[in-house]
Amino acid sequence: MEVEQKEYHFPLPPTDKMLFRKQVQRELDEIRQEAEEACALDKEIDQVQDSAYRDTYLLLEILFDYNVPTADLGWLMDGGIGFEWRSTDGKGIATMSIYGDNQVVYGASLGSTDEVKGTCLLTDLASLVHFLPTLKALSSQ
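Residues numbered from 1 in each chain as written. Predicted model: local features only at pLDDT ≥ 70, side-chain atom pairs only at ≥ 80, totals over all residues. Heavy atoms only, no water.

Things to note about the overall build of the chain
Logical step 1: Within the chain, the secondary structure is distributed over 3 helices and 6 strands.
Logical step 2: For the chain, restricting intrachain contacts to residue pairs at least 6 apart in sequence, the fraction spanning at least 24 positions comes to 54%.
Logical step 3: As displayed, the chain has an accessible area near 7,700 Å², and 49% of this comes from carbon and sulfur atoms. (Helix = DSSP H or I, 4+ residues; strand = E, 2+ residues; numbered from the N terminus. Contact = heavy atoms within 4.5 Å. Areas by Shrake-Rupley, 256 points an atom, 1.4 Å probe, with all protein chains shown as cover.)

Okay, structure coming up:
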């Protein structure tokens, strides 16, 4: 997954969920503006659908509720929104992609042999929650 243009990194989520929601909306508005400008300049770039922004907002709320470390966030050339986490030692990476179809595409590489990947419905919290400890482990490396 290749995140295009500027990556957005949320500061640690505030304890006030309303403040967090405003912060998320502001960041998504900036990403939307940047993605739309890029689409206007380059017809090879797929437009990010409104449903992808809604699904991204929902996923960010889920991650907040499960106290998952914040991700770098950006738009993707193929019409999605990408999340990226990197370990502090530079040896691990995890990604999630949202395209507005109620699915989350995820993957992680925590070293030379430990890889996780899959797809689940955004509304299938059981599958999604199964991946969240991987994100927490990655941030502690």
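Once you've had a look at it, read on.
Remarks on the environment of leucine 135
Logical step 1: Take leucine 135: it is sitting in helix α3 (residues 125-139).
Logical step 2: The exposure class assigned to leucine 135 is buried, which follows from its relative accessible area of 0%.
Logical step 3: Distance in space between the C-alpha atoms of leucine 135 and proline 69 is 7.4 Å, their sequence separation being 66 residues.
Logical step 4: What leucine 135 contacts, discounting residues up to four positions off in sequence, is Leu63, Val68, Pro69, Trp85, Ala94 and Met96. (Buried < 20%, exposed > 50% of the residue type's maximum accessible area, 1.4 Å probe, protein only.)

Details of the environment of phenylalanine 20
Logical step 1: Mapped onto the secondary structure, phenylalanine 20 falls in helix α1 (residues 17-41).
Logical step 2: Take phenylalanine 20: its relative accessible area is 5%, and that puts it in the buried class.
Logical step 3: A sequence separation of 40 residues divides phenylalanine 20 from leucine 60, and the C-alpha atoms of the two residues are 9.6 Å apart.

Describing the pairing of strand β2 (residues 72-75)
Logical step 1: In the sheet, β2 pairs with strand β3 (residues 81-86) via 4 bridges, with the strands oriented antiparallel. The partner of leucine 73 across the bridge, within β3, is phenylalanine 83.
Logical step 2: The hairpin formed by β2 and β3 contains 5 residues between the paired strands, and glycine 79 there has a positive phi angle of roughly 95°. (Pairing = 2+ DSSP bridges.)

Let's talk about the nonpolar core
Logical step 1: Membership of the largest hydrophobic core comes to 37 residues, with the highest contact counts inside it found for Phe83, Trp85, Met96 and Leu135.
Logical step 2: Elements with a minimum of two residues in this core: α1, α2 (50-65), β2, β3, β4 (93-98), β5 (103-109) and α3.
Logical step 3: Dropping the residues within four chain positions of it, tryptophan 85 is found in contact with Leu63, Val68, Pro69, Thr70, Ala71, Gly92, Ile93, Ala94, Thr95, Met96, Leu135 and Leu138. (Core = buried A, V, L, I, M, F, W, Y, C linked by side-chain atoms within 4.5 Å.)

Points about the packing of α2 against α3
Two measures define how a pair of helices packs: the angle their axes make with one another and the distance between the axes.
Logical step 1: Between α2 and α3, whose axes approach to 11 Å, the crossing angle comes to 60°. Accordingly, the angle class assigned to the pair α2 and α3 is oblique. Crossing geometry of α2 relative to α3 is assigned as right-handed. Mapping the contact onto sequence places Leu59, Ile62 and Leu63 in α2 and Leu125, Leu128, Leu132 and Leu135 in α3.
Logical step 2: When the residues that make up the contact of α2 with α3 are grouped by side-chain class, the tally is 7 nonpolar, no polar and no charged. (Axes fitted to C-alpha atoms, helices over the stretch in contact; angles between N-to-C directions. Parallel < 35°, antiparallel > 145°, perpendicular 65-115°, else oblique. Left-handed = near helix turned anticlockwise from the far one by under 90°. Nonpolar A, V, L, I, M, F, W, Y, C, P; charged D, E, K, R; others polar.)

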